[in-house]
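# Topology and contacts: notes
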Amino acid sequence: MSKTNNLAAADVAEPMNAMAVPDRQSPQGQSPDGQSGNGQSAAERALAELIVAALQLEVPADAIVPDAPLFGKGLGLDSIDALEMALAISRTYGFELRSDDERNHQIFASLRSLAAHIEANRTR
Amino acid sequence: MRWDAPAIPLVERPPDAVLFRRPSGPVTAAAFLADAHALAARLVPARHVLNLCHDRYAFAVAFAAALLRGQVSLLASDRAGPGGAGLYPETAYPDTAAVIDAEAEAPRGLASVRVAPTGREAGGEAGRPAAAGPTPLLRSDQPAAIVFTSGSTGVPVAHRKSWGAIATRSMAAGACFGFAQANPASIVGTVPPQHMYGLETTVLLPWHAAVSSWCGPAFFPADVQAALDAVPAPRVLVTTPLQMAALLQAGVGGRHDVISATAPLDAALAAAAEAAWGGAVCEIFGATEAGSIAHRRTLADAAWRPYPGLSVTASDGGASVAAPHAASVDLADLIEPAPDGGFRLLGRRADIIKRGGRRASLEGLNRILAAVEGVADGAFVVPEDLDRRSTARLTAVVVAPGRSAAAILAELRGRIDPVFLPRRVVHVEALPRNTLGKLPRAALLALLDAAG
């Protein structure tokens, strides 16, 4: 199994790493003038909003840095979150994530890579 | 070691019985033993073997190989820091080598052996058939494994398991769940092998009971559906309440029984699963210290039935379980005896919290938080449904004027189990401590509400 086994932990397993806490004083990626300077594409923004809603994150969707890691030290998601994300992605985009995809590590690396995978596979 | 300790066979299944099912095909008892012997021959001769294999089959082969060599497997879940740091208290186990599989990285500073691709040590899918020699017998008091849980101080706590303790339990599970030689069941497990529940139910069970265990992907709902479709009936899904809820939401179909553990299963969820999948939904109650302790069919049994040979007793302010081949163990749960020799669960000791199959002492977590530099006072707020709702997380409330939430979180990382890391760190001017210095939960919640 594979690179995805970090994901395969499920809820008795260890999360892929840790959960981050949004720092309210300085949301990630926010530029000094308070504007979102993250350069999210429209697809990335839509996915960010889906993730924030599905996982009930405290961080604003536009504060998710497209290239920052979703799991571990970036956004700090864990394997329970991965499962929730899979459900939300399947509901919204009409395709199922699988963990035998050899590129899973890349796919889940960041908002940008996950959005690209979704764009390539979505059925709606 | 006692010279008269009874021996228990490593595997007690017919040579052609299927023990594991890989996506590439079934693995018989004879082939599994051949793989285990082949790997045992090239394990690094260290006292302890850190088994980091993700692949369930590679994990099983490595675990059996270590037993054959008289080496003790160290089992720590996958929460390593850089280079494998923090998995286990390294200084306490200097004579350790690692076993890894195809995708795992070797931890820094340890000699390691990589299991052959797909775990087929003895020559691959078309490998030579194993010699039909006698099944290896292992003394029941042979040290088999040390399982680590996160301790209340941030240092992992070791739980020692003898071969007898883990083997008798998986043999008992076979009887409890009525697995029949005439009609072997196919287990599809979503739980990792390094966790006690996953170890007993998805790795060891096939060694003695008439079941096979799926060793392919089984994480996302689509994986689980494919696995259930790939194995022959009768099928048993071995999972957790959170994962079960996700599978039902995703519309995973098929006919199978369910075994659930790690958190109490809601009756409504059990009913939905029985309706959707047409099988019995059973639960195992267990603890890392003691392994599986009792079982019940959620919708039919109010009381839990202890595994054969185990006795569970209520004691002052807690409960304990006594087992053959092991010392009596205190539990984090509160019980009351039921008429038929069973017991009811009344809840956990107030200080104990659980998430993702991991357990922690709230008091211990609070101590760790308060010890973070710049934190004058602090406490975790725990949602009531932490072990039942996938989006539930701890919140840390801190008095720490000079430190950002991110800085505090960075310090907590590596000191506490990641499943208990807070999703929010909320700064306040003071914690609502009463005159005794205690923090009433209601006051904390009110404070959190006010903080938004």
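Described below are features of the structure shown in this document. (Residues numbered from 1 in each chain as written. Chains lettered and ligands numbered in written order. Predicted model: local features only at pLDDT ≥ 70, side-chain atom pairs only at ≥ 80, totals over all residues. Heavy atoms only, no water.)

## Comments concerning the overall build of chain A
Within chain A, the regular secondary structure consists of 4 helices and 0 strands. Taken from the N to the C terminus, the helices and strands of chain A come in the order α-α-α-α. Split into buried and exposed, the 124 residues of chain A put 57% on the buried side. Within chain A, residue pairs in contact and separated by at least 24 positions form 67% of the contacts whose partners lie at least 6 positions apart. (Helix = DSSP H or I, 4+ residues; strand = E, 2+ residues; numbered from the N terminus. Buried < 20%, exposed > 50% of the residue type's maximum accessible area, 1.4 Å probe, protein only. Contact = heavy atoms within 4.5 Å.)

## A look at the nonpolar core
Counting residues in each nonpolar core, the largest one holds 45 residues, and the members touching the most others are Leu10(B), Phe20(B), Phe32(B), Phe63(B), Trp163(B) and Trp207(B). Only strand S2 (18-22), helix H1 (29-40), helix H2 (56-69), strand S9 (143-149), helix H3 (163-176) and helix H4 (196-208) of chain B provide two or more residues apiece to this core. Ranked by the residues each element gives to this core, the list is headed by H2(B), at 11 residues. Setting aside residues up to four positions removed in sequence, Phe20(B) forms contacts with Pro26(B), Val27(B), Phe32(B), Tyr57(B), Ala60(B), Thr202(B), Val203(B), Pro206(B), Trp207(B), Ser212(B), Ser213(B) and Cys215(B). Listed in part, the 35 residues of the second largest apolar core include Leu70(A), Leu83(A), Phe219(B) and Ala246(B). (Core = buried A, V, L, I, M, F, W, Y, C linked by side-chain atoms within 4.5 Å.)

## Considerations on the environment of Ala36(B)
All names here are of chain B. Along the chain, Ala 36 turns up in helix H1. Taking the C-alpha atoms as reference points, Ala 36 and Ala 294, 258 residues apart in sequence, are found 31 Å from one another. Not counting residues up to four positions away in its chain, the partners in contact with Ala 36 are Val 61, Ala 64, Ala 65 and Leu 68.

## Regarding the packing of aromatic side chains
Tallied over the entire structure, the rule returns 14 aromatic pairs over all chains. A connected cluster of aromatic rings, assembled from ring pairs, spans Phe20(B), Phe32(B), Tyr57(B), Phe59(B), Phe63(B), Trp163(B) and Trp207(B). (Phe/Tyr/Trp six-rings, centres within 6.5 Å; stacked < 30°, edge-to-face > 60°.)

## Describing the pattern of salt bridges
Between side chains of opposite charge, a pair can form as their charged atoms come close. Following the criterion strictly, the structure yields 28 salt bridges over all chains and no others. Residues Arg112(A) and Asp67(A) are paired through a salt bridge, measuring 3.0 Å at the closest nitrogen-oxygen approach. Residue Arg112(A) is located in helix H4 (residues 111-121), and its partner Asp67(A) is located in the loop between helix H1 (42-55) and helix H2 (79-93); the two are separated by 45 residues in the primary sequence. Classification of Arg112(A) by relative accessible area gives partly exposed; the value is 32%. Ionic pairing is found between Glu289(B) and Arg359(B), a salt bridge with its closest N-O pair at 2.4 Å. (Salt bridge = Lys/Arg side-chain N within 4 Å of Asp/Glu carboxyl O.)

## Examining helix H8 (residues 362-370) of chain B
Considered for burial, the residues of H8(B) that qualify are Leu362(B), Gly364(B), Leu365(B), Asn366(B), Ile368(B) and Leu369(B). Residues of H8(B) that are buried make contact with strand S23 (352-355), strand S24 (358-361), strand S25 (377-381), strand S26 (395-399) and helix H9 (405-412) of chain B.

## Structural notes on the sheet that holds strand S14 (residues 257-260) of chain B
Residue and element names in this part refer to chain B. Reading across from one edge, S3-S2-S12-S11-S13-S14-S15-S16-S17 is the order of the 9 strands in this open sheet, with mixed pairing throughout. The outermost strands of the open sheet, each flanked by one partner alone, are strand S3 (25-28) and strand S17 (305-306). Across 4 bridges, the pairing between strand S11 (residues 185-189) and strand S13 (residues 235-239) is parallel. Bridge pairing in S13 links Val 188 to Leu 237. In this fold H2 packs onto S2, S3, S11 and strand S12 (211-214), with an angle of close to 140° to the strand it touches most, S2. (Pairing = 2+ DSSP bridges. Axes fitted to C-alpha atoms, helices over the stretch in contact; angles between N-to-C directions.)

## Here we look at the pairing of strand S22 (residues 343-348) of chain B
Residue and element names in this part refer to chain B. Relative to S22, strand S21 (residues 333-337) is paired through 5 bridges, and the arrangement is antiparallel. Counted as the bridge partner of Asp 333 is Arg 348 from S22. Taking the residues that link successive antiparallel strands as the turn, the S21-S22 hairpin has 5 residues, and the phi of Gly 341 there is positive, at about 90°.

## Some thoughts on the packing of helix H6 (residues 241-249) of chain B against helix H7 (residues 267-277) of chain B
Residues and elements named next belong to chain B. Closest axis-to-axis distance for the H6/H7 pair is 11 Å, and the angle between their directions is 45°. The pairing of H6 with H7 is recorded here as oblique in orientation. The handedness of the crossing between H6 and H7 comes out as left-handed. Contacts between H6 and H7 involve Pro 241, Met 244, Ala 245, Leu 247 and Leu 248 on the former and, on the latter, Leu 269, Ala 272, Ala 273, Ala 276 and Trp 277. Split by residue class, the contact of H6 with H7 holds 10 nonpolar, no polar and no charged. (Parallel < 35°, antiparallel > 145°, perpendicular 65-115°, else oblique. Left-handed = near helix turned anticlockwise from the far one by under 90°. Nonpolar A, V, L, I, M, F, W, Y, C, P; charged D, E, K, R; others polar.)

## Things to note about unusual backbone geometry
Ala233(B) connects to Pro234(B) through a cis peptide bond whose omega is -5°. Of note, Pro234(B) is situated in the loop between helix H5 (221-230) and S13. One non-glycine residue, Gln56(A), lies in the positive phi region at around 50°. Among the secondary structure elements, Gln56(A) is positioned in the loop between H1 and H2.

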